[in-house]
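Results of the structural survey
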Amino acid sequence: MNDTNPMLHLEDVYMRYPSRDGTPITILNDIDLKVRQGEFITVVGPSGCGKSTLLRLILGAESPTEGAVLLDGKKLDAPNRNRGIVFQKYSLFPHLSVMDNIVFGLDAEAHGMFLGWLKPGQMRQRRRAFRDQAQVYLERIGLADAADKYPHELSGGMRQRVAIAQSLIMKPRILLMDEPFGALDHATRTEMQLFILEQWEQAEMTIFFVTHDLEEACFLGSRVLVLSQYYQTDAGRGQGAKIVGDFATPGGHPKPTDFLYSEEMSQLVHRIRSEGLSPDNLQHIRDFNLTHRDAFRTVNPEEWQREQ
Amino acid sequence: MNDTNPMLHLEDVYMRYPSRDGTPITILNDIDLKVRQGEFITVVGPSGCGKSTLLRLILGAESPTEGAVLLDGKKLDAPNRNRGIVFQKYSLFPHLSVMDNIVFGLDAEAHGMFLGWLKPGQMRQRRRAFRDQAQVYLERIGLADAADKYPHELSGGMRQRVAIAQSLIMKPRILLMDEPFGALDHATRTEMQLFILEQWEQAEMTIFFVTHDLEEACFLGSRVLVLSQYYQTDAGRGQGAKIVGDFATPGGHPKPTDFLYSEEMSQLVHRIRSEGLSPDNLQHIRDFNLTHRDAFRTVNPEEWQREQ
Amino acid sequence: KTKFKVAWSIYVGWMPWPYAEESGILKKWADAHNIEIELVQMDYVASIEAYVAGQVDACVMTNMEMLNMPAASGIDSTALIIGDYSNGNDALLVRDGLTAKTIKGQEISLVELTVSHYLLNRFLEKNNMKEKDVRVINTSDSDIGPIFLSNDSQKAVVTWNPIVMQIEQHPGITKLFSSADVPGEIIDLMAVNTKTLKKNPALGKALVGAWYEVMSVMSRRGADADKALGTMAAQAESSLVEFKSQLKTTAMFYTADAAVQYASGPEIKKNMDYVRQFCFRHGLLGEGAESADVVGIQYPDGSVQGDKRNVNFRFDVSYMKMAAEGKLKR
Amino acid sequence: MKFLSMHAKFGPVTTALLSASLFVLCVAAYFTASHIRHQENPKDKIMPTIGKMWKGVENTAFKEDRKGEYRLWVDTWASAKRLGYSTLLLVLAVLLGLHMGLYPFFEAVFYRFILFFDKVPALALLPILFIIFGLGELSKVMLILLGVFPTIALDTYLRAKAVPREQIIKGRTLGAGSAKITYGVVLPQIMPDVLNTIRLNFKAMVLFLIAGESLAATAGLGYRIFVVRRYIAMEIIIPYVLWMSLLAFVADLLVRLWIKKRYAWYQAH
Amino acid sequence: MKFLSMHAKFGPVTTALLSASLFVLCVAAYFTASHIRHQENPKDKIMPTIGKMWKGVENTAFKEDRKGEYRLWVDTWASAKRLGYSTLLLVLAVLLGLHMGLYPFFEAVFYRFILFFDKVPALALLPILFIIFGLGELSKVMLILLGVFPTIALDTYLRAKAVPREQIIKGRTLGAGSAKITYGVVLPQIMPDVLNTIRLNFKAMVLFLIAGESLAATAGLGYRIFVVRRYIAMEIIIPYVLWMSLLAFVADLLVRLWIKKRYAWYQAH
Ligand SMILES: Nc1ncnc2c1ncn2[C@@H]1O[C@H](COP(=O)(O)OP(=O)(O)OP(=O)(O)O)[C@@H](O)[C@H]1O
Ligand SMILES: Nc1ncnc2c1ncn2[C@@H]1O[C@H](COP(=O)(O)OP(=O)(O)OP(=O)(O)O)[C@@H](O)[C@H]1O
Ligand SMILES: [Mg+2]
Ligand SMILES: [Mg+2]
């Protein structure tokens, strides 16, 4: 599965926002990334470094200020059914019940808006099948009782889980998840982790998973991407986040749960923490841990004077 | 400091919401709680158990369906300056810049809406003092550069930090924080923990702190409250969350950072996890760990037939 | 063309039209001439606008509006029926006993550029004043009555019936001048598009026939007439008493003869001259008009007042003559 | 001063009493003024007494007129039909606004035009309207539409634009086509707001109805008011106006109840 | 079909062209119709040619009339003043709506009253208005207000109610008094929406202005239209109507720009 050709390419991607005084601020600085079908990529990085922005770029919801995001060699088009998303602020459809939120995608795909009027019988039957399917998901996320509730009647963690089920049920080719477990307790979180891994294996999705929990990142991911604005170049302190780490997690994938408590794990976590995520310890661009076989990078002369 | 009289009392508090079919669902079931001035209470519990609801009750934003919430022996009045809040969905003022969001409270307290028109000179001077004060907070939360940004220009974790600073700067008597660190990376989180502990000591606040990170709960709190809907009574499986654990954390308070890596800590975490938070392991109401000296409880006969 | 639309608006002199419709008289005459006539009830100004826009084929209006609205807009129109002239229906009313001498400098409310305005001009002329000697305040016709009544600060108003009647009833209000003082100058007509009329004489015959049949009903004494008047009153949303009192200040030409005679006499030319001079002075014949002569007015004797190459206003008595002579088939 | 604060709570009775107060005040002011005017002039028509108004109501509502019709009901029915058709046609305004908000092409073509068109006081161009719409029922319905169509379309446009982009993106990623996004995501979310705007525009619709009915009609609430106005028959006008207001108020109430019942998620979210 | 999709993007030129299309179409339709009518009747006044209209504009805008005044400007100034005062007074409507939305007492006292009052077609009760406000400028300003005051107040009310409760609670916990919550938290948050509503109501204000100016006036755009209607001077009415629309459109544009500039947070959040 991991020997297919890379399907997603980011090359020399910059993202800048205008600031109050007019000069643009660089958020993402020269991002290079190649991703193969079926990878489970976890993304970690300091708060505000640009993880959500990176996901938005891959989703196609925003265009990079510079550089290109290519899917299967073609420029990315607008968000579509191939790329699912769980937003950091979850954003369910407020006017739909939990069940309808989850069924939404199946419904949308199976028949356009109006087929229901033409063939109501067929439609009803399909609907029932969809609801049965959704019910399974609801049970897996522990919300079987809440099917009829509306989003505003749910707790933060419940909303997150609904948003996850809503996107998972569609089994998109690429699934982007932005801190999907941020509001979950440990037990629920563990269950959800297993659920996602299971679904990932079954559907051969490619997953981008942003998290602040490094154990989670190392356990879930086949590949860890560290994004950080804390680094230095030959020209001085870096401006805008770069990929400062890009490596495969050791020990195959998916991992047994006891990997979580292994020595390997805690070393890995420690290393990521000190190398990429600390504002006090600025790694030099030359020392980035880009050991993943697909990792590549372009660098400006002033960033790295190779001669030295 | 911990020998003052309890200031906050919750007695026989029930919270119910109407469900689709009309019968009310119990969310909080017979909550009893006594809290002294200056405690740092961390609240943990499964997703959807009612932690946010409990905070809303103490805030006075909602009234219990049954029972009483008393502050200094009097029924709680509407939300006011004495009780600060950091909402789970942070909710900053969208029309104010980061700086203005943080200065908001100071401004509001120092002069009403209109004093500025009467004594502009005095007002300007005060404003400057407030901004200087806010700047210190901004630096502590690592957002000194973002002072002029608007909330929509911030990342999730940045918003959280601004919301924390916004409420901390007011040094309210009781501060309620609902998963304030949910979207922060480890390094930022550690800094924020120390910052809050520091502020708590200085201002002698009473803090309620909801978190899903049990290490954090044990490290930060002088007292841990476990709220859970997973328990059983003599009458069967419980309906609605109860306080299933209420105990003081060992080893004084605040704790040295290496407590985080101590054996004691991991045992404690393990115990909380298995006793209170697992849907598979239903603790009996009689076995709840209510060892805190202020813990008390009232029980219905059918919940616990003492004679047996 | 066999279907025609005729617009009418509520005014005492035009109430015979809805009566003709409701009583079936109009349909009878239309059938007799193998045409259909639809009456459309409208607001007065709107009805003339609709007529000018070509949405209706005929419309009731005064001689003044016929001159400055359709005729001045190049719509060649024929005054098919001369129904009546205002003989007190339009009046200048004052409070606090204002007189012709003390009215100088006062505010006078009226609907500008209407027959009220014209009447005021005639009043001022007769008392050797100019329009500049008073202050004209425009007020829409729909609210002029209540506004005058509810504001004692207003001392003078010019308006028409039934508003005049309503205002007069109030204590302290006197009538200073009325159309009875300038009889025959404000004439109520049925205007028909000349082209349409030429192509469809049946329309003219049916309208005239129906009109004079109603006239004969009205002018008979007794229960029949009262019933007809009662219907008209109801259609005008007034009581029979009110309606009759309005009729008193309306000089109806109950017979075709009388109308023909008036239209053919010398009087009408003089009266029309007053009207067109007024229209010209107030720019109603178009801002570019160089004199009152821009629009030609043709009289039954063939003579033309004004521009002979631009005759757009015709007094045509031929249809009324037919009625007078009983030549119209029923 | 508690009752003046934001936290004040009033029972249903107090609320009803407070709500009634301004109505009572207005009615009292009216009858006082009316009384004074009647003392000066017993025949005063501008502010009729309650007795006279009741007479007016009796005559129009409970007595057959010449044609054997109960006028008030005939008028009400005629006007209601016109308003009903206009309201139905407002669906088009909502759809246009929705599409302008979501589809750049519609926005480019229609937005500025509607924005300008909205500002044209079309009533002043009556003769041209007559040419386009004629004099029949159509013209009245069109006049009402002319008055409120652009407002509703523009408001819907703003609402559609304000739906968080995340919702649309989310819909896309779940496989929703444009139709589903438009009618399954955006429309239902803005529907309560749109209904609110429509009910706030009932007043404008009534005004345009009156205007239209006074131009060319033989029945209708506006027509009747127009006709009896020249007799200063305030004893009929006032009850008619109140009746119209009441009907519009009830329609408004029904819409509000419907929103509450149908869009439970709307209030709280 | 890409250009019909939600993702279509048009450059400024295409947008301008598309926006212009409907305007061009309308203008073309007008002049075609006008041309046809002029062939039938060279003196047609209902749909004047561009030449005649220009004459009309010249006469009113650039030539002194009998009184030595440049009519268009005198009229515009008179109307602008009336509209200006009304707009200023709308501040009160915003404040009332704001208070109704936040303070239960105001809600109890005013909400239902305003809701009903909003539905009263006040134009039909002009006589009573004139008793209350007299015949001067005041009555015209009040008429405009009567027309839009309740709409603005009710809309502001709905907007104030829709501000998330968390915002208010948050404000309270930060020590904000009622005044600060009202004017420092809620008002600035709803201000862009309120401004949008006000600009969508310019049209209604213009309509009430025209209605008011047909009563007891001697200058004003509405007055002029009313008067020249008496001789079907469409060559004046049409430019006047377009001029009014243009002014309202520009006012609308200014408000939109102001919102964009002043409330940058509003677009994106
Ligand atoms: N519209 C905008 N205008 C200006 N700056 C913006 C805008 N949107 C995002 N940013 C900036 O981009 C940076 C990255 O934001 P992003 O949300 O991608 O961070 P993140 O890595 O997801 O952080 P977190 O872990 O806190 O969610 C932040 O510093 C933020 O201030
Ligand atoms: N308005 C409401 N109507 C019905 N049920 C509600 C409503 N608000 C909350 N609930 C229910 O109350 C329960 C507790 O919600 P609460 O937000 O307090 O949970 P929580 O402990 O904070 O969870 P989390 O950790 O996920 O934030 C949930 O099951 C939720 O469905
Ligand atoms: Mg993020
Ligand atoms: Mg919660």
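Residues numbered from 1 in each chain as written. Chains lettered and ligands numbered in written order. Predicted model: local features only at pLDDT ≥ 70, side-chain atom pairs only at ≥ 80, totals over all residues. Heavy atoms only, no water.

- Per an unreviewed UniProt entry, chain D goes by the name ABC transporter permease subunit and belongs to Acanthopleuribacter pedis.
- Chain D has a UniProt comment under Sequence similarities (unreviewed entry) that states "Belongs to the binding-protein-dependent transport system permease family."
- According to UniProt, the comment filed for chain D under the heading Subcellular location (unreviewed entry) is "Cell membrane". (UniProt positions renumbered as here; feature names shortened; annotations may be inferred.)

- Chain A is annotated in an unreviewed UniProt entry as ABC transporter ATP-binding protein from Acanthopleuribacter pedis.

1. Quick word on the overall build of chain A
- The helix and strand inventory of chain A stands at 8 helices and 13 strands.
- Relative to a compact globule of 308 residues, whose C-alpha radius of gyration would be 19 Å, chain A shows 21 Å and is just as compact.
- Taking the principal axes of the C-alpha coordinates as reference, chain A spans close to 75 × 45 × 40 Å.
- Counting only residues that meet the buried cut, chain A has 55% of its 308 residues in that class.
- In chain A, the share of contacts with a sequence separation of at least 24, taken over all contacts with a separation of at least 6, comes to 72%.
- For chain A, the distance from the average position of its 34 positive side-chain charges to the average position of its 41 negative side-chain charges is 6 Å. (Helix = DSSP H or I, 4+ residues; strand = E, 2+ residues; numbered from the N terminus. Rg over C-alpha atoms; globule rule 2.2 N^0.38 Å. Buried < 20%, exposed > 50% of the residue type's maximum accessible area, 1.4 Å probe, protein only. Contact = heavy atoms within 4.5 Å. Lys, Arg positive; Asp, Glu negative; His and termini not counted. Charge placed at Lys NZ, Arg CZ, Asp CG, Glu CD.)

2. Details of the interface of chain B and chain A
- Contacts between the two partners involve 30 residues from chain B, matched on the other side by 30 residues from chain A.
- Carbon and sulfur atoms make up 46% of the surface buried where chain B meets chain A, a total of about 2,300 Å² over both sides.
- Contact with chain A buries surface across chain B, with B:Arg20, B:Ser47 and B:Asp185 losing the most and accounting together for 24% of the total.
- Summed over the shared surface of chain B and chain A, the result is 12 residue pairs in polar contact (both at pLDDT 80 or more).
- When residues of the side of chain B that touches chain A are traced back to their parent elements, those giving at least two are helix H5 (156–168) and helix H6 (186–203) of chain B. (Buried area = accessible area lost by both parts, 1.4 Å probe. Polar contact = N/O pair within 3.5 Å; in protein donor to acceptor, adjacent residues only side chain to side chain.)

3. Brief notes about the arrangement of the chains
- Contact analysis covers 8 pairs of chains in contact, and the most contacts occur between chains D and E.
- Chain C makes no contact with chain A, the minimum C-alpha separation between the two being 43 Å.
- There is a gap between chain B and chain C: no contact, and a shortest C-alpha distance of 43 Å.

4. Concerning the packing of aromatic side chains
- Applying the stated criterion across every chain, the model contains 52 aromatic pairs over all chains.
- Relative to B:Phe195, the ring of B:Tyr137 lies with its centre 5.6 Å away and its plane at 65 degrees, an arrangement referred to as edge-to-face. Of the two residues, B:Tyr137 is situated in helix H4 (residues 120–140) and B:Phe195 in helix H6; the sequence distance between them amounts to 58 residues.
- Of the residues examined, B:Tyr137 reaches a relative accessible area of 5% and is grouped as buried.
- Under the relative-accessibility criterion, B:Phe195 is labelled buried at 2%.
- Here D:Tyr30 and D:Phe31 contribute two aromatic rings whose centre-to-centre distance is 5.0 Å and whose plane-to-plane angle is 85 degrees, an arrangement assigned as edge-to-face.
- By the ring-pair criterion, three or more aromatic residues cluster together here, those being D:Phe3, D:Phe10, E:Tyr103, E:Phe105, E:Phe106 and E:Phe110.
- The residue whose ring lies beneath A:Lys34 is A:Phe296, and the NZ or CZ to ring-centre distance is 5.4 Å. (Phe/Tyr/Trp six-rings, centres within 6.5 Å; stacked < 30°, edge-to-face > 60°. Lys NZ or Arg CZ within 6 Å of the ring centre and 35° of its normal.)

5. Some points on the sheet that holds strand S3 (residues 40–44) of chain B
Residue and element names in this part refer to chain B.
- Pairing within the open sheet is mixed, and its 6 strands lie in the order S6-S7-S8-S3-S9-S12. Looking at the sheet topology across the chains shown, the edges are occupied by strand S6 (83–86) and strand S12 (242–248). Strand-to-strand twist of the sheet, defined as the mean angle between neighbouring strand axes without regard to direction, takes the value 15 degrees.
- Relative to strand S9 (residues 223–228), S3 runs parallel, the two sharing 4 bridges. (Pairing = 2+ DSSP bridges. Axes fitted to C-alpha atoms, helices over the stretch in contact; angles between N-to-C directions.)

6. Some words on the UniProt feature "domain: ABC transmembrane type-1" (unreviewed entry) in chain D
- On the UniProt side, "domain: ABC transmembrane type-1" (unreviewed entry) is annotated at positions that read residues 79–259 of chain D here.
- Structurally, residues 79–259 of chain D comprises 86% helix and 0% strand, and the distance from its first C-alpha atom to its last is 25 Å.

7. Let's talk about the coordination of the magnesium ion (ligand 4)
Residue and element names in this part refer to chain B.
- Summarising the metal site, the magnesium ion (ligand 4) is bound by the protein donors Ser52 (OG) and Gln88 (OE1), whose distances to it range over 1.9 to 2.2 Å. Here serine 52, found in helix H1 (residues 51–59), pairs with glutamine 88, found in the loop between S6 and helix H2 (98–110); they are 36 residues apart in sequence, far enough to count as distant.
- Overall, the relative accessible area of 18% leaves serine 52 in the buried class. (Donors = N, O, S within 2.8 Å, 3.2 Å for Na, K, Ca; no water.)

8. A few points about the side chain of A:Asn29
- Summarising the element assignment, A:Asn29 is placed in strand S2 (residues 24–36).
- Other than its neighbours up to four places away in sequence, A:Asn29 contacts A:Val13, A:Tyr14, A:Tyr231, A:Gln239, A:Gly240, A:Ala241, A:Lys242 and A:Glu303.

9. Some points on the UniProt feature "transmembrane region" (unreviewed entry) in chain D
Residues and elements named next belong to chain D.
- Residues annotated by UniProt as "transmembrane region" (unreviewed entry) correspond here to residues 83–106, 205–225 and 237–259.
- Across residues 205–225, helical content stands at 76% and strand content at 0%; the span's end C-alpha atoms are separated by 16 Å.
- Annotated as residues 237–259, this span is 100% helix and 0% strand, and its ends, taken at the C-alpha atoms, are 33 Å apart.

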